[in-house]
Amino acid sequence: MNQQKTQVLVVGGALTGLSAAVFLAHRGVQVAVVERHPDLLVHPRLRGITPRTVEAFRQVGLGPAIRKESFLGENDVFVPLRANTVADAYEPVEEADHAEFVDPRTYSPSTYAGIDQDRLETLLRDRARELGADIRNFTEVTSLDQDADGVTVTLRDRATGDEGAIRADYVIAADGSKSRIRTGLGIETDGPGELFNTITAIVDADLSAAVRGRRIGIVYLQKPRPFSSMMPHDNSGSRWLFSTGYDPQRESVADFTAERVAGMVREASGLDDVDVSLRPQIPGTDVTVLGFPISAHVARSYRSGRVFLAGDAARTQPPTGGFGGSTGIQDAHNLAWKLAAVLTGRAGPGLLDTYDAERRPYGGLAMQQAFARFGDRMAGGAQVELLDYSAVTMGFRYASAAVPGNHETDPIPAVELRAQPGTRAPHCPTADGGSTLDLYGEALVLIVGHDGQEWATTAKDVGMAMGVEVRSYVLGVDIDVKDGETAHDISTHGAVLVRPDGFVAWRSQSAATDPAAVLAEALRAVLARGD
């Protein structure tokens, strides 16, 4: 390999890394991805993504493809189940935050998407390549050196052994829970740490006699041992992901032979004579059983110079609650628009400091809530208060320099989102069947009350003076929505500034004496501009 150049190098080509590549390439950023595995894992790992995460993918044109791949219909709800075996009676896992279900369509144009991680990663890889991302599998990082102007990364082609270097302006480390980059940077973690270990296998087994037509998303089982689970990997009912805990002090992954796992699947299913066969999980190999540590920790910093941690490299958490994959995707979504703004000179480099300020507190919240749900579902009770699910997945609130004046961080139930600074902007259905959320993604947007035309005129002038695009939309004039001012908690003379990631940066609930000065000050703060 010869030394090459790219604006952003992403280390890790799984869910978070591929999401980062899509979000960056969509914004015109030159991006390369390196992944040590020869191909994507044939392993679901997650069963779906939250409405907020689907919203992020809508911005890059992936909404329809994700919905097409979803195993859930528009009106279906993913409900975890608990049972002794698959053949036994099921009971739903009742959690405190499920006491009163609110249809996500009341606060979002998107619903929960039931899509397995391997299928989602395939969509992301294809979309990233369509957008021009350079994706290199079977390539690993051997060293990383950064200076004031960029990062030099030494790579090794695992097929040929050839080494070379790539020079990047910035690096995103999305290399998993045991991130070598995080360790190499000396970034420590806080949290409970490793909780337990699990083995997984993709099995072919006709369990229709045990399922008996019942819908299963995931079922937590007592057989063959506590901390076991099964979930379907296709719609036929004949391919499954089997998982069970084990103690690495007493046994190893190698002890779980194909014959032993097949027997455990029979015990888990409640069918003594069902045929069971295992599938390889790593393309190009015969590896059928993988071991995964289940842990909970958060990095003490999401940034070291020009290197950023994202996804499991930044924080880990139990899979209960389904927060993990969506959290990593939204790490990438938050960071991508900021990197694009800095690389094009529209924002000052200080904007990149807000990635850690915004995403690390949320990483702690998601870890804590996943850990609480782990206790509630599998260990006999939650150890901390379970927050409203929509507040954790949709109603989190940022406090950083990119949200000038806001210091509030308490999550808000999604139905109560009213354009509070730091929150995801509210969803207002438009007359054409869309959403006001569809206005966000490409530029800064100013939502203006019906009688606030002066804000719109000012935004155009201020934006031009700063070399920044600000798109203005007057409620009831440029966009046809019902009760738009109420939804944004402004008067007809007010205005709301929304960032490209769809989060509210600033709000004036009424008119201003000098709107040009007020708006210019807000823009300079949001974009870390000293001019």
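Note that the coordinates shown come from a computational prediction; the quantities given were computed from them, not determined experimentally.

Visitor: For the overall build of the protein, give the residues involved together with the corresponding values.
Guide: Helix and strand counts for the protein stand at 13 helices and 21 strands. Expected size for 531 residues packed as a compact globule is a radius of gyration near 24 Å; at 24 Å, the protein falls within 12% of this value. The principal-axis extents of the C-alpha atoms in the protein amount to approximately 80 × 55 × 40 Å. Considering only contacts in the protein between residues 6 or more positions apart, those separated by 24 or more positions represent 70%. Of the side chains in the protein, 52 bear a positive and 70 a negative charge, and the two mean positions are spaced by 2 Å.

Visitor: Quick rundown of helix H8 (residues 324-343)? Include the residues and the values.
Guide: Across its 20 residues, H8 extends 29 Å between first and last C-alpha, which sits within 8% of the 28 Å expected from 1.5 Å per residue. For H8, the tally of buried residues reaches 18 of 20 residues, placing the bulk of the element in the interior.

Visitor: So what's going on with the nonpolar core? Residues and values would help.
Guide: In terms of nonpolar packing, the biggest core is built from 92 residues, with Phe57 and Leu446 touching the most fellow members. Tallying contributions element by element places H8 first for this core, with nine residues. Every residue in contact with Phe57, bar those within four places of it in the chain, is listed here: Ser19, Phe23, Ile49, Leu62, Gly63, Ile66, Leu120, Leu124 and Ile329. Membership of the second largest hydrophobic core comes to 30 residues, among which are Ala87, Ala201, Phe242 and Ala268.

Visitor: So what's going on with the side chain of Asp116? Which residues, and what values?
Guide: Mapped onto the elements, Asp116 comes out in the loop between strand E4 (91-92) and helix H4 (117-130). By relative accessible area, Asp116 is classed as buried at 3%. Those residues in contact with Asp116, other than ones at most four positions away along the chain, are Pro44, Leu46, Arg47, Phe71, Pro232 and His233.

Visitor: Can you tell me about the pairing of strand E2 (residues 31-35), naming the residues and giving the values?
Guide: The element E2 is extensively covered by neighbouring structure, given that five of its five residues are classed as buried. The two faces of E2 match: Val31, Val33 and Glu35 on one face and Ala32 and Val34 on the other face are all buried. Examined bridge by bridge, strand E1 (residues 4-11) and E2 share four bridges and lie parallel to one another. By the bridge assignment for E2, Leu9 is matched with Ala32. Handedness of the E1-helix H1 (residues 15-26)-E2 crossover: right-handed. As paired strands, E2 and strand E5 (residues 134-137) are joined by four bridges and run parallel to one another. Within E5, the position partnered with Glu35 by the bridge is Asn137.

Visitor: Mind laying out a negative patch on the surface, listing which residues take part and the relevant values?
Guide: A cluster of acidic residues, Glu267, Asp272, Asp273 and Asp275, forms a negative patch at the surface. With respect to the element layout, Asp273 can be found in the loop between helix H7 (258-269) and strand E13 (277-279). A relative accessible area of 70% means that Asp273 is categorised as exposed.

Visitor: Which residues make up the packing of aromatic side chains, and what values go with them?
Guide: All told, the structure shown has 12 aromatic pairs when counted by the stated rule. Both rings, one in Phe396 and one in Tyr398, keep their centres 5.7 Å apart while their planes meet at 55°; by these two values the pair is tilted. Tyr398 carries the same exposure label as Phe396, and that label is buried. Here the aromatic residues Tyr170, Tyr302, Phe308 and Tyr355 are joined through ring pairs into a cluster of three or more. Cation over ring: Arg260 sits above Phe256, and NZ or CZ is 4.1 Å from the ring centre. Here the guanidinium or amino end of Arg306 rests over the ring plane of Tyr170, the centre of that ring lying 4.8 Å away.

Visitor: Please provide a residue-by-residue account of the packing of helix H11 (residues 453-466) against helix H13 (residues 515-526), values included.
Guide: Close contact between H11 and H13 brings their axes to 9 Å; oriented N to C, the two are set at 50°. In terms of axis orientation, H11 runs oblique to H13. Helix-helix and strand crossings are classified by hand; for H11 and H13 the assignment is right-handed. Contact residues: Glu454, Trp455, Thr458, Ala459, Val462 and Met466 in H11; Pro515, Ala516, Val518, Leu519, Ala520, Leu523 and Arg524 in H13. Of the residues belonging to the contact of H11 with H13, the class tally is 10 nonpolar, one polar and two charged.

Visitor: Can you explain the side chain of Glu358? Please cite residues and give values.
Guide: Here Glu358 shows up in helix H9 (residues 353-378). Classification of Glu358 as buried rests on a relative accessible area of 2%. Apart from residues lying up to four places away in sequence, Glu358 is in contact with Asn334, Lys338, Tyr398, Ser400, Ala402, Val403 and Arg499.

Cut-offs used in this document
Residues numbered from 1 in each chain as written. Predicted model: local features only at pLDDT ≥ 70, side-chain atom pairs only at ≥ 80, totals over all residues. Heavy atoms only, no water. Helix = DSSP H or I, 4+ residues; strand = E, 2+ residues; numbered from the N terminus. Rg over C-alpha atoms; globule rule 2.2 N^0.38 Å. Contact = heavy atoms within 4.5 Å. Lys, Arg positive; Asp, Glu negative; His and termini not counted. Charge placed at Lys NZ, Arg CZ, Asp CG, Glu CD. Expected span 1.5 Å × (residues − 1). Buried < 20%, exposed > 50% of the residue type's maximum accessible area, 1.4 Å probe, protein only. Core = buried A, V, L, I, M, F, W, Y, C linked by side-chain atoms within 4.5 Å. Pairing = 2+ DSSP bridges. Right-handed = clockwise from strand over helix to strand, strands pointing away. Patch = residues over 30% accessible without salt bridge, like charges linked within 9 Å, V, L, I, M, F, W, Y side chains within 5 Å. Areas by Shrake-Rupley, 256 points an atom, 1.4 Å probe, with all protein chains shown as cover. Salt bridge = Lys/Arg side-chain N within 4 Å of Asp/Glu carboxyl O. Phe/Tyr/Trp six-rings, centres within 6.5 Å; stacked < 30°, edge-to-face > 60°. Lys NZ or Arg CZ within 6 Å of the ring centre and 35° of its normal. Axes fitted to C-alpha atoms, helices over the stretch in contact; angles between N-to-C directions. Parallel < 35°, antiparallel > 145°, perpendicular 65-115°, else oblique. Left-handed = near helix turned anticlockwise from the far one by under 90°. Nonpolar A, V, L, I, M, F, W, Y, C, P; charged D, E, K, R; others polar.

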